[in-house]
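The residues making up each chain are set out below.
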Amino acid sequence: MPRTVMEAEAIQDELRTLLDLTGPGPRSPARVAGVDVAYDRDRLAAAVTVLDGTTLEIVEKVAVSGRVAFDYVPGLLAFREVPALLDALERLSAPPDLVVCDGYGLAHPRRFGLACHLGVLTGLPTIGVGKTAFVGTYPTPAPERGSWTDLTLDGDVVGRVLRTRHGIKPVFVSVGHRVDLATACHNVLNLTPRYRLPETTRAADRLSREALIENCRPDLVGSAQYDEMG
DNA sequence: GCGACAG
DNA sequence: ATCTTGTCGC
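Residues numbered from 1 in each chain as written. Chains lettered and ligands numbered in written order. Predicted model: local features only at pLDDT ≥ 70, side-chain atom pairs only at ≥ 80, totals over all residues. Heavy atoms only, no water.

(A) Representation of the protein's contact with DNA strand C. All residues in the neighbourhood of DNA strand C are listed as Ala38, Tyr39, Lys131 and Arg209. Contacts to DNA strand C include tyrosine 39, whose backbone N or O atom sits 3.3 Å from a phosphate oxygen. Taken together, the residues of the surface near DNA strand C break down into two nonpolar, no polar and two charged. (Near = heavy atom within 4 Å. Polar contact = N/O pair within 3.5 Å; in protein donor to acceptor, adjacent residues only side chain to side chain. Nonpolar A, V, L, I, M, F, W, Y, C, P; charged D, E, K, R; others polar.)

Laid out in structure tokens, this is it:
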């Protein structure tokens, strides 16, 4: 783990050279994973929920708990969440065909957000879905579900501002690893039949919060302990 | 120079 | 992210 902002940024610049932006990525993934991390002071719980890509039913879930290893710094979120998420992902019975991250991917100051970071370290296809603006400029997309606009940063299209529900605040989609932007948005729309956020994200968010509470008695099936210094 | 800034 | 009462809207 990096100890300073400078070290962390250097690691991002290094790992970015391993990023695969070729695509296209899966259009009909059988297993889609959602990942999220919940916090309580210096404790954290990372969750991975795998959904059937067609029915959106949860088919597998894993949660791990541990301690915060890196303070939150805009642009360096991955160093705070990736270690625990890697641990959780490795405990799955089988790898997912796509991982939907809670945050940004290529739409990042150094073009290497959480989704890119997790993708490069796991080798899995990943995409990022952010709830609020972080970097880039964009026009407001039309109110209909499915409409979108370019998210531009330094003259590059780094993502899309996508409307997943009619008349409701859009989400920010950017690619992570091994998936192109159109395929990423296609998957996000398939994962949002009813709510603004992908079912994968909603499921992982719930599980991470539950795990944070159930953490007091780590004797439940599907849970595990995770730790690292900070 | 100052403020903003994924989760 | 998380802390948190009331409040606005459907």
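(B) A look at the confidence of the model for chain A. Predicted confidence across chain A gives a mean pLDDT of 92, with 93% of residues reaching 70 or more. Counting interchain partners and residues more than four positions distant, the pLDDT-below-50 stretch residues 226-230 has 17 contacts. (pLDDT = per-residue confidence, 0-100. Contact = heavy atoms within 4.5 Å.)

(C) Expanded view of the UniProt feature "binding site: Mg(2+)" (unreviewed entry) in chain A. Feature annotation in UniProt places "binding site: Mg(2+)" (unreviewed entry) on Asp36 and Asp102, given in this structure's numbering. Taking the farthest pair of C-alpha atoms as the criterion, the annotated set spanning 67 residues converges on one region, since that pair is 6.1 Å apart. Checked against the element boundaries, aspartate 36 lands in strand S1 (residues 31-40). Setting aside its immediate chain neighbours within four residues, aspartate 36 contacts Ala45, Ala46, Ala47, Leu85, Asp102, Ala204, Asp205 and Ser208. The class for aspartate 102 is buried, based on a relative accessible area of 12%. With near-sequence residues (within four places) excluded, aspartate 102 lies in contact with Val35, Asp36, Leu77, Leu114, Val129, Lys131 and Thr201. Polar side-chain contacts of aspartate 102 include one of 2.8 Å to the side chain of lysine 131. (UniProt positions renumbered as here; feature names shortened; annotations may be inferred. Helix = DSSP H or I, 4+ residues; strand = E, 2+ residues; numbered from the N terminus. Buried < 20%, exposed > 50% of the residue type's maximum accessible area, 1.4 Å probe, protein only.)

(D) Examining the protein's contact with DNA strand B more closely. Around DNA strand B, a shell composed of 17 residues is seen, among which Tyr72, Gly75, Tyr104, Lys131 and Thr132 lie nearest. A distance of 3.0 Å separates a phosphate oxygen of DNA strand B from a polar side-chain atom of threonine 132. Sorting elements by how many residues they give to the surface near DNA strand B places helix H2 (residues 77-90) first, with three residues. Among the residues making up the surface near DNA strand B, the classes are represented as seven nonpolar, five polar and five charged.

(E) Molecular detail of helix H5 (residues 199-214). Taking 1.5 Å of rise per residue, the 16 residues of H5 would be expected to cover 22 Å, and the 22 Å separating its terminal C-alpha atoms lies within 8% of that figure. Listed in full, the buried residues belonging to H5 are Glu199, Thr200, Thr201, Ala203, Ala204, Leu207, Ser208, Ala211 and Leu212. Lining the buried residues of H5 we find S1, strand S2 (43-52), strand S3 (58-67) and strand S4 (98-102). (Expected span 1.5 Å × (residues − 1).)

(F) Region of interest: the pattern of salt bridges. Scanning the entire structure with this criterion turns up 11 salt bridges. Its salt-bridge partner being glutamate 60, residue arginine 31 comes within 3.2 Å of it at the nearest N-O pair. In this pair, arginine 31 is assigned in strand S1 and glutamate 60 in strand S3, connecting sequence segments 29 residues apart. Take arginine 31: its relative accessible area is 19%, and that puts it in the buried class. Glutamate 60 gets classed as buried once you look at its relative accessible area, which sits at 16%. Here aspartate 42 makes a salt bridge to arginine 67, at a shortest N to O gap of 2.0 Å. (Salt bridge = Lys/Arg side-chain N within 4 Å of Asp/Glu carboxyl O.)

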